Structures are given as structure tokens and as C-alpha cells.
Amino acid sequence: MVYRWSWAPVHNKIHTSKFSDMKRKKHLPYTALLAATLLASGCYKDKGNYDYQAINEVGIDGINSEYTILALDTLKINPVLNFTQDASNDTSKYLYEWVAILDEKDRVFPDAKRIEVAGSRNLSYKVTLKPNAGFTMSYRVKDKATGVQWSKTFRLTVKSTIYEGWLVYSDVNTDARLDMISKLDATTERTYIDVLKQVGSALPPQKNPRHVSFATKNQGVGIYLSAGTGTNSIHGETFLWQPTNDIKYEMVGNMPPGFAPQFITNYGSAEHVLVTDDEIYYQNFISGGGGYTLPINIVQAENVKFKPAPFIGFSDLFAGNILYYDATGKRFVGYKTGQTYSYTLQDPATKLFSYTTGRRMLFMANTRYSNNDVFAILKDDTDGKTYLYRMNVASGITQTFYDAIQGTDVDKAEQFAVSNQFGYVFYNVGSKIYEYDMFNKSSKLMLDMGTEKLSLLKCHNFGGISKYVKLENSLIVCTYAPAKPAAEQGTMRLYDVPTVNGALVLTKEYNGFGRIVDVTYRRR
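Definitions and cut-offs
Residues numbered from 1 in each chain as written. Predicted model: local features only at pLDDT ≥ 70, side-chain atom pairs only at ≥ 80, totals over all residues. Heavy atoms only, no water. Helix = DSSP H or I, 4+ residues; strand = E, 2+ residues; numbered from the N terminus. Contact = heavy atoms within 4.5 Å. Buried < 20%, exposed > 50% of the residue type's maximum accessible area, 1.4 Å probe, protein only. Salt bridge = Lys/Arg side-chain N within 4 Å of Asp/Glu carboxyl O. pLDDT = per-residue confidence, 0-100. Pairing = 2+ DSSP bridges. Axes fitted to C-alpha atoms, helices over the stretch in contact; angles between N-to-C directions. Phe/Tyr/Trp six-rings, centres within 6.5 Å; stacked < 30°, edge-to-face > 60°. Lys NZ or Arg CZ within 6 Å of the ring centre and 35° of its normal. Polar contact = N/O pair within 3.5 Å; in protein donor to acceptor, adjacent residues only side chain to side chain.

Asker: What is the right way to look at the environment of V304 in this model?
Answerer: Along the polypeptide, V304 turns up in the loop between β20 (280–284) and β21 (321–326). Setting aside residues no more than four positions away along its own chain, V304 makes contact with N297, I298 and V299.

This is the structure we're talking about:
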């Protein structure tokens, strides 16, 4: 029991000798006198009056010693409070506080050490604390009448819900929205719609989404979101944003108002290529470190910028060269990393095709097929035919395959994708999806999505990471149903691609998105 007490002192007399009033030549030192007085007082039996008053005590139960929870889930705790002198159950008599203290080992600048979580009797808190971190939590109850505070501490571990999984970039009535299919463990997935809003990211609203990419850097990773209103990166672990994440802070020099790249791609360990409507930029986060400098879509000997097609070819095995397409001169062009200009490709003596094609590029992608070949699909507007080009990009650029595509209605194809495992070319004409085999020169109708409209075909390249082989070998088909609300009309499906032109096998289906424009994977 706790008491409040008051003290009424008894005045004690201290007698002095008759010499105390006499003048003496030698005075008793003041320190000795003080010591004697204190000693006399300490030995004197205390006969004071003390009035003890018991106060209201608060007992706190119903709180476990530790909790583990996923970020963005709701932590609910209903403490049981026991009052020794209050049976009113009047919560207004008390002040309540829930406080989280971040473990020092998990604290990285600019993380806050102390976070005020709530000020309520019971806790119902959507956890927005730092994920993959530990906290010491305190629950405090203060009696307003006495000013005495009672508390109980416990441990909280927050696990990330955005640690790994598919990032789905959608168009919702022209608004850009990032959703996530989060992999929580080996068998459990959960979809988070508008994940940036859920984690409290401050990224300003963006319009007309274009591309999402997961990129490694010299320090950690980042996620780039490109839209018609600009390109921004978000933190690879927390998805948080700050103004310096605007792409203009990675550019050397001032960019014009409305600077909005088409996309950013990452190859090698820390090399990035940025593509706009009219220019290509390169930076190396390790050796360069200074950001994107001058456009590289210019051949040194010509000294005139050309308009690039919105595609980049490279190898995940070798970071020495990249390949892109001059849409002005209708030719393939090479670039050696670290240079400030492009170079023309010379036709080999035993060429499969001329690098100057005179044709219009429809598609180009990096694949895992045949030692990481780059597949390019071009349209000849003179004869109306569609052609497949394959090149290997390593220490140099070499030709590996060339032929006209003889698939059904390929001249009407809208989107393309290439199987990383078998090199099959997928394309769609409306709701119909075909698979083209370059060796037997035939196409096969694989899927008919009916009334759904196709928004994306893709085979995602994981760079050969073994634990993602099944996903890497899948075909991604994204559709939308125009009759449904814009915020939930999109569907993403994954199909296994069998050998010898076997029927596609649906392995995953996810719903509730907007019109999906791009997907990437936050890998580990």
C-alpha cells in the first residue's frame, strides 16, 4: 500500500553552556559546532506527528510480456486496470499514454528514438512503426487527482509486410497507384492496395503511371516510379519518400519543368540507364557517383542527338555494353559503360542482318534465354512484315538469330513478351494471346481473355536468382474489366509455360487493382 504523509515538527530545545555568551580568545570552530548540533539532532528520539493517507493505486494486468506483429496490421491491447480506491470506472479521471522506444541496434538516422503511439485507455493501433525492428513499449496511467503515474513495459517486434513481393503499378482514372502482393512467408501472400498510403509515404499524387523498377544502388536499394508528372524513388525498405527523392536530384544540371522520364532500368551491380522521350542518360553509383550527366544518345563522329526507341538491351552476366535503337536513323546503336557517347555497330562479315534496319522498333527485352540474348521485334512499314532479331550483349554485341515472324495476325500485335526459359514469343491481338515458336515458325492460340482487355504482357527477368526460377519462367498476363470500378477492375495472372508448346497453366491470380501498366518484384 502507498501512503501520502504530512509532517508536523516538534520544536526541540538545545541548551548551551554559560560560556556561550562570553567572549573568548579562542572560538569553537563553526564546523565543529555544526557537527555537534547535527549529531545531537540525529541522536534525539523523533516525536513528530505524521499523518499517513493511503492513495488510490492502479494495478495493470492483461498485457503480455511481448508481442510480434506485421507492420500495417492492427495491434489491439485491452489492459485490465484495478483501482484500490476508485470503483467509478470513470476514465476521465486518468491520463493514458502508449510510448514506443526503438532499439538502439535498429536505429538508423533519421529514425526517431521515441514514438508516441496513442493516448487512449485501450490500444487499437495500425502499426506504422519501423518494420524489421524491436521496441520497448510502455503503457502509462496517471491519476489526475494525485499526479502519481503507474506503468507497465513490454516488448514489441514489428515485421515487415513490404519485405518482398510483386509491386503492381496501376492507372486509376489517370491517377498512379502502387499496390503490393506481399510474400509474408513461404505459403502466405497478402495484397496491399495503395501501399504508399498504408505506410504513410509522403510521395505527392502522380498522374499517368508508366513504369516501376526495382534497382540496386551502392548503398541499399530503391524503387523508381515513373509517371507523366515525373519520376521519383522511394526507400527500398520503408517505401517512404522525401523531396530529394525526385529524379531531378540525380541529374547534373537543371532539368526543364515537367521533366518526366519514360523509365529507369538497372543492370550490373549499380549501373542505371534513364530514358526520356528524346534522350538516354547513364550513371554508375559506384565509380561515377555524381548522377546523370550528359545525354549519351549521340554518336561521337556525328555529334547529333538521335531520338531513341523506349527500350534498353543488356546482359545480366556482363555489364560492359548496352544496346539501344536509333528511331531516327532506324539502326541499332551500342554503348560502352562509362563513356559519354554511343558508337555505331559494324555489320560482321558473315552477318545475319544489317544493324541499320530501316525498320520501326516495336519491342526489345533482355531475357535469360540462350545465355541472356536480347530479343528485338521490328516492323517493316514497306512490306508490312514483322521481324525477330536476337543479339548477345556481353564484352561485345554479336548477332545470334534473324527471321520474319510468321504468326497469326502478328501484323496486328499490340504487346509482346519473351519466355526466359524457351524463347517463345508471346503477343496479343485484342483479347487473344498467341505463342510463337521461332524454330518451327508457327504460332498457337494460348488464351482468350473474352471481354477482359489486356493491359500488360510480361516475362520478368530475375537475373537468374535460383529461388525465383519458377517466377522467372512464368508469363504475366494483366487484364482489366472496363465495366468494373476503375479502382478494382484489374487482374494479374501468372501462367507456367510448358515445353513443346504445351497449354499454359494458371498458377496464380490476383484481383482488385486498377488498370495495370507495369509490374516488378521487390526481391531479396
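Asker: How should I be thinking about unusual backbone geometry in this particular structure?
Answerer: The phi angle of most residues is negative, glycine excepted, and most peptide bonds adopt the trans form. If you check the backbone angles, F239 has positive phi at about 65° while not being a glycine. For F239, the position within the fold is in the loop between β17 (230–235) and β18 (263–267). With a relative accessible area of 0%, F239 lands in the buried category. Backbone geometry places D409, a non-glycine residue, at a positive phi of 55°. With respect to the helices and strands, the residue D409 is situated in the loop between β27 (397–404) and β28 (415–418). Residue class for D409 comes out partly exposed when judged on its relative accessible area of 32%.

Asker: Explain the pattern of salt bridges here, please?
Answerer: Where charged atoms from two side chains of opposite charge come close, those side chains can pair. Applying the stated criterion across every chain yields a total of 32 salt bridges. Linking R107 and E104 is a salt bridge whose minimum nitrogen-to-oxygen distance equals 3.8 Å. Classification of R107 as partly exposed rests on a relative accessible area of 36%. For E452, the salt bridge goes to R493, with nearest N and O atoms at 3.1 Å. In this pair, E452 is assigned in the loop between β31 (442–448) and β32 (453–458) and R493 in strand β34 (residues 490–496), connecting sequence segments 41 residues apart. Overlapping salt bridges, with partners in common, bring together E97, R114, E116 and R140 in one network.

Asker: Help me understand the confidence of the model for the protein in this model?
Answerer: In low-pLDDT segments, the atomic positions of the prediction should not be examined closely. On average, residues of the protein score 89 in pLDDT, and 89% of them reach the 70 mark or higher. Note that pLDDT drops below 50 for residues 2–44; the model gives that stretch 30 contacts with residues more than four away or on any other chain.

Asker: Whenever I open this one, the sheet that holds strand β30 (residues 432–437) confuses me. Can you help?
Answerer: Paired through their backbone hydrogen bonds, the strands of a sheet run either parallel or antiparallel. As summarised here, the arrangement of the four strands in space is β28-β29-β30-β31, forming an open sheet in which the pairing is antiparallel. Either end of the sheet is taken by a strand with one partner, and the two such strands are β28 and β31. Pairs of neighbouring strands in the sheet enclose a mean axial angle of 25°, with direction left out of account. Of the strand pairs in this sheet, strand β29 (residues 425–429) and β30 are connected by five bridges, and their pairing is antiparallel. Bridge pairing in β30 places F426 opposite E435.

Asker: When you look at the sheet that holds strand β22 (residues 331–336) in this model, what are you seeing that I'm missing?
Answerer: On the basis of which strands lie adjacent, the open sheet formed by three strands has the order β21-β22-β23 and antiparallel pairing. With one partner strand each, in any of the chains shown, β21 and β23 (343–344) form the two edges of the open sheet. In this sheet, β23 lies alongside β22 in antiparallel orientation, the contact comprising two bridges. Each bridged residue has a counterpart across the sheet, and for G334 the counterpart in β23 is Y343.

Asker: Please clarify how the packing of aromatic side chains should be interpreted in this entry.
Answerer: In this description, an aromatic ring pair is defined by two values, namely the gap between the centres and the angle between the planes. Within this structure, the stated rule accounts for 28 aromatic pairs. On the numbers, 5.5 Å between centres and 75° between planes, the contact of Y67 with F154 is edge-to-face. One end of the pair, Y67, is in strand β4 (residues 66–70); the other, F154, is in strand β11 (residues 149–159), with 87 residues separating them in the sequence. Accessibility expressed as a relative area gives 3% for F154, which makes it buried. Consider the rings of F332 and Y355, whose centres lie 6.5 Å apart with planes at 85°: the pair is edge-to-face. Of the two residues, F332 is situated in strand β22 and Y355 in the loop between β23 and β24 (360–366); the sequence distance between them amounts to 23 residues. Side by side, F332 and Y355 carry an identical accessibility label, which is buried. The structure contains a cluster of three or more aromatic residues connected by ring pairs, namely Y325, F332, F353, Y355, Y387, Y389 and Y402. For R359, the ring lying beneath its charged end belongs to Y387, and the centroid distance is 3.6 Å.

Asker: Whenever I open this one, the side chain of T367 confuses me. Can you help?
Answerer: In this fold, T367 is placed in the loop between β24 and β25 (373–379). Overall, the relative accessible area of 2% leaves T367 in the buried class. A distance of 3.1 Å separates the side chain of T367 from the backbone nitrogen of Y369, its partner in a polar contact. A polar contact is formed between the side chain of T367 and the backbone oxygen of D373, at a distance of 2.7 Å.

Asker: Could you clarify how one ought to interpret the environment of A327 in this entry?
Answerer: Relative to the helices and strands, A327 resides in the loop between β21 and β22. Sequence separation of A327 and R360 is 33 residues, and the distance between their C-alpha atoms is 7.0 Å. Other than its neighbours up to four places away in sequence, A327 contacts K307, P308 and A309.

Asker: Even after reading the chapter, I still don't get the pairing of strand β15 (residues 209–216), so can you show me in this structure?
Answerer: Taken residue by residue, a regular strand's side chains alternate between the two faces of the sheet. Within β15, seven of the eight residues are buried, which leaves the element mostly enclosed by the surrounding structure. As paired elements, β15 and strand β16 (residues 221–227) share seven bridges and run antiparallel to each other. Within β16, the residue paired with P209 across the bridge is A227.

Asker: Can you help me understand the pairing of strand β9 (residues 123–126) in this one?
Answerer: The alternating pattern of β9 places L123 and Y125 on a buried face and S124 and K126 on a face that is not buried. Two strands pair when backbone bridges link them, and strand β5 (residues 74–77) and β9 are joined in this way by four bridges, in the antiparallel orientation. Counted as the bridge partner of K76 is S124 from β9.

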